[in-house]
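Chain and residue survey
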Amino acid sequence: WQTVTLIAQRAPAFRMGNIHADWRTGEVRASAALDYFGEQPAKPDRLQVDVLDGSGVPVASLEAASDEFTLIVPHPALWSPETPTLYDLRLRLIRDGAVLAETRRRFGFRSLRAQGEALLLNDQPYGVRGILSWGWNPHTLAPVATDDEIRDEFRRVRALGFNLVKLCLFVPPERLFEIADEEGMLLWLELPMWWQRINDY
């Protein structure tokens, strides 16, 4: 019930790994693999790594010598539902001044953790008020929605005073998570994994 795309790739392409952004220090650690799909060049290509702010302006840059790299963003703006500030990690493979491959991944500086019965967002107590979503759509039955429909639902939820959506027993497309970051909506993903033991009682 989700879109499937088949890509025939001839040019080099990135496979980006995880991004770890430390909201205290501004340190961004990430990794990426590069697939050439053919003969590799005799001379190594340049790997340019940039962190871009919301306006697309580089705030940290380096030329990486390996597939793991660390950058420091000075005075990072933190992500929260009230101020959903995001950055882009951009990777570019450059040969003789031309960009052969490029990819981006969006991320925010934030930390969400439990301390006893308290939930801490960036080490500050944070109260959540959420709604439950089964992902059911009366028009399509399956949880398939356009970007505009996802944004509209998040904004209606915020207008009612909520800051969290619990995704109950379904895993939505990745785009929903991206829009939640952009709109400042917290998500609670309840994975559809359980074992109900049935007995005579």
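First things first, this report covers the structure right here in the doc.

**A closer look at the overall build of the protein chain**
Along its length, the protein chain carries two helices and 13 strands. By its C-alpha atoms, the protein chain is 70 × 40 × 40 Å across when sized along the principal axes. If you take every contact in the protein chain between residues at least 6 apart in sequence, the share linking residues at least 24 apart comes to 56%. When the accessible surface of the protein chain is totalled, it reaches about 13,400 Å², and 51% of it is carbon and sulfur. When the 22 positive and 28 negative side-chain charges of the protein chain are each reduced to one mean point, those points stand 1 Å apart.

**What about the sheet that holds strand E8 (residues 112-115)?**
Overall, antiparallel pairing links the three strands, which are arranged E8-E9-E10 in an open sheet. The open sheet has two edge strands, E8 and strand E10 (124-125), and neither has a second partner. One ladder, built from two bridges, connects strand E9 (residues 118-121) with E10; its direction is antiparallel. Pairing of leucine 120 across the sheet is with proline 125, part of E10.

**What to know about the pairing of strand E11 (residues 130-133)**
In terms of strand pairing, E11 meets strand E12 (residues 164-168) through four bridges, oriented parallel. Looking at E12, one finds that leucine 132 is bridged to lysine 166. As for the winding sense of the linkage, the β-α-β connection from E11 through helix H1 (residues 147-159) to E12 is right-handed.

**Overview of unusual backbone geometry**
Positive phi, normally seen in glycine, also occurs at aspartate 96, with a value near 55°. Locating aspartate 96 in the fold gives a position in the loop between strand E6 (87-95) and strand E7 (98-107). For aspartate 123, which is not glycine, the phi torsion reads 65° and is therefore positive. Along the chain, aspartate 123 turns up in the loop between E9 and E10.

**Overview of the packing of H1 against helix H2 (residues 174-183)**
The description of two helices packed together rests on the angle between their axes and the distance between the axes. Their axes nearest at 10 Å, the elements H1 and H2 cross at an angle of 45°. Between H1 and H2, the interaxial angle falls into the category oblique. Relative to H2, H1 is oriented so that their crossing is right-handed. Together, Asp147, Ile150, Arg151, Phe154, Arg155 and Arg158 of H1 and Arg175, Leu176, Ile179, Ala180, Glu182 and Glu183 of H2 make up the contact between the two elements. Split by residue class, the contact of H1 with H2 holds five nonpolar, no polar and seven charged.

**Quick word on the pattern of salt bridges**
All chains considered together, the criterion is met by 21 salt bridges. As a salt-bridge pair, arginine 90 and aspartate 50 come within 3.0 Å of each other at their nearest N and O atoms. With arginine 90 in strand E6 and aspartate 50 in strand E3 (residues 46-52), this pair connects stretches of sequence that are 40 residues apart. Salt-bridge contacts for glutamate 182 lead to arginine 175; the nearest nitrogen and oxygen are separated by 3.5 Å. The exposure class of arginine 175 is partly exposed, given its relative accessible area of 26%. Salt bridges sharing common partners tie together Asp88, Glu102, Arg104, Arg106, Asp147, Arg151, Arg155, Arg175, Glu178, Glu182 and Glu183.

**Details of the environment of glutamate 82**
Considering the arrangement of structural elements, one finds glutamate 82 in the loop between strand E5 (68-72) and E6. Taking the relative accessible area as the measure of exposure, glutamate 82 reaches 52% and is therefore exposed. Side chain to side chain, glutamate 82 and tyrosine 126 meet in a polar contact 2.7 Å long.

Procedures and definitions
Residues numbered from 1 in each chain as written. Predicted model: local features only at pLDDT ≥ 70, side-chain atom pairs only at ≥ 80, totals over all residues. Heavy atoms only, no water. Helix = DSSP H or I, 4+ residues; strand = E, 2+ residues; numbered from the N terminus. Contact = heavy atoms within 4.5 Å. Areas by Shrake-Rupley, 256 points an atom, 1.4 Å probe, with all protein chains shown as cover. Lys, Arg positive; Asp, Glu negative; His and termini not counted. Charge placed at Lys NZ, Arg CZ, Asp CG, Glu CD. Pairing = 2+ DSSP bridges. Right-handed = clockwise from strand over helix to strand, strands pointing away. Axes fitted to C-alpha atoms, helices over the stretch in contact; angles between N-to-C directions. Parallel < 35°, antiparallel > 145°, perpendicular 65-115°, else oblique. Left-handed = near helix turned anticlockwise from the far one by under 90°. Nonpolar A, V, L, I, M, F, W, Y, C, P; charged D, E, K, R; others polar. Salt bridge = Lys/Arg side-chain N within 4 Å of Asp/Glu carboxyl O. Buried < 20%, exposed > 50% of the residue type's maximum accessible area, 1.4 Å probe, protein only. Polar contact = N/O pair within 3.5 Å; in protein donor to acceptor, adjacent residues only side chain to side chain.

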